[in-house]
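Structural overview for review
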Amino acid sequence: MKRFTFPLERVLEWRRTQQRLEEIKLEGIHSELRLIDTEITAIKSQWGALHVLPTTGGFTSLELAARDQFRRHLVLEQKRLSQARRTVETRLASQMNTLAKKRRDVLLLEKIRGRRWEEWSRALANEIDMQAAEAALRKWTRLQ
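The sections below set out a description of the structure shown in this document. Being a predicted model, the structure only gives us computed values, none of them experimental.

A count of helices and strands for the protein chain gives two helices and zero strands. The globule rule puts the C-alpha radius of gyration for 144 residues at 15 Å, and the 34 Å found for the protein chain is more than 25% above it. Taken over the C-alpha atoms alone, the protein chain extends approximately 120 × 25 × 15 Å along its principal axes. When burial is assessed residue by residue, the protein chain has 17% of its 144 residues classed as buried. When the accessible surface of the protein chain is split by element, carbon and sulfur atoms take 59% of a total near 11,200 Å². Of the side chains in the protein chain, 29 bear a positive and 19 a negative charge, and the two mean positions are spaced by 3 Å.

This is the structure we're talking about:
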């Protein structure tokens, strides 16, 4: 019997490659999200440092103006990062859906390949059984 071949093998490999590319894109989006979270953490720590008052003396008007300007900067930066995080989360959800579709495509072809393999294996086993039966029959007829 001829060896097992799956006519859609190249298509399956192409789909696997597409799946890997989508997984790489997903990892990139996760990296973006981690970077934004790191920046948000840094903003929160700067915000906490802004509210620490000096133990000696007061503030000059220039220092108060600078602190107020820095506070405004932190507020704007926090809003920008929050918006960026929402945008990345939307892209993340979309990418997860795309990856799920690619995985389903690969799984479908793998199931088809598995069924074809089982059919081929059964046909091979039947052919081996037939050859064994024929060999046994020939041997039996020679002995008669």
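Attention shifts here to the pattern of salt bridges. One pass over the full model with this rule turns up 13 salt bridges. When the shortest N-O distance is used, the salt bridge between Lys-25 and Glu-22 registers 3.5 Å. In this pair, Lys-25 and Glu-22 are both assigned in helix α1 (residues 9-50), three residues apart and thus about one turn of the helix distant. Glu-77 is paired through a salt bridge with Arg-80; the nearest N and O atoms lie 2.5 Å apart. Of this pair, Glu-77 and Arg-80 are both found in helix α2 (residues 61-143), three residues apart, which corresponds to roughly one turn of the helix. Looking at Arg-80, the relative accessible area reads 43%, which means it is partly exposed. Through salt bridges with shared partners, one network takes in Glu-13, Arg-16 and Glu-110.

Ranked by size, the top nonpolar core spans 12 residues in total: Leu-26, Ile-29, Leu-33, Ile-36, Ile-40, Ile-43, Leu-50, Leu-74, Leu-81, Val-88, Leu-92 and Leu-99. Broken down by secondary-structure element, the contributors of at least two residues to this core are α1 and α2. Among the elements that line this core, the one with the most residues is α1, at seven residues. Non-local contacts of Leu-99, meaning those with residues more than four positions away in its chain, are made with Gln-19, Glu-22, Glu-23 and Leu-26.

Along its 42 residues, α1 runs 61 Å from first to last C-alpha, staying within 8% of the 62 Å computed at 1.5 Å per residue. By the burial criterion, the buried members of α1 are Leu-12, Gln-18, Gln-19, Glu-22, Leu-26, Ile-29, Leu-33, Ile-36, Ile-40, Ile-43 and Leu-50. Considering only its buried residues, α1 is in contact with α2.

The next thing to look at is α2. Compared with the 123 Å implied by 1.5 Å per residue over 83 residues, the 118 Å span of α2 between its first and last C-alpha is a close match. Every buried residue of α2 is accounted for by Leu-74, Glu-77, Leu-81, Val-88, Leu-92, Gln-95, Leu-99, Lys-102, Asp-105, Val-106, Leu-109 and Trp-120. In the core, the buried residues of α2 are packed alongside α1.

This part is about the packing of α1 against α2. Each packed pair of helices is defined by two parameters, the angle between the axes and the distance between the axes. Across the interface, α1 lies against α2 with an axial gap of 8 Å and an inter-helix angle of 160°. Taken together, the axis directions place α1 and α2 in an arrangement best described as roughly antiparallel. With respect to the hand of their crossing, α1 and α2 are arranged in left-handed fashion. Taken together, the residues of the contact of α1 with α2 break down into 21 nonpolar, seven polar and 21 charged.

Cut-offs applied
Residues numbered from 1 in each chain as written. Predicted model: local features only at pLDDT ≥ 70, side-chain atom pairs only at ≥ 80, totals over all residues. Heavy atoms only, no water. Helix = DSSP H or I, 4+ residues; strand = E, 2+ residues; numbered from the N terminus. Rg over C-alpha atoms; globule rule 2.2 N^0.38 Å. Buried < 20%, exposed > 50% of the residue type's maximum accessible area, 1.4 Å probe, protein only. Areas by Shrake-Rupley, 256 points an atom, 1.4 Å probe, with all protein chains shown as cover. Lys, Arg positive; Asp, Glu negative; His and termini not counted. Charge placed at Lys NZ, Arg CZ, Asp CG, Glu CD. Salt bridge = Lys/Arg side-chain N within 4 Å of Asp/Glu carboxyl O. Core = buried A, V, L, I, M, F, W, Y, C linked by side-chain atoms within 4.5 Å. Contact = heavy atoms within 4.5 Å. Expected span 1.5 Å × (residues − 1). Axes fitted to C-alpha atoms, helices over the stretch in contact; angles between N-to-C directions. Parallel < 35°, antiparallel > 145°, perpendicular 65-115°, else oblique. Left-handed = near helix turned anticlockwise from the far one by under 90°. Nonpolar A, V, L, I, M, F, W, Y, C, P; charged D, E, K, R; others polar.

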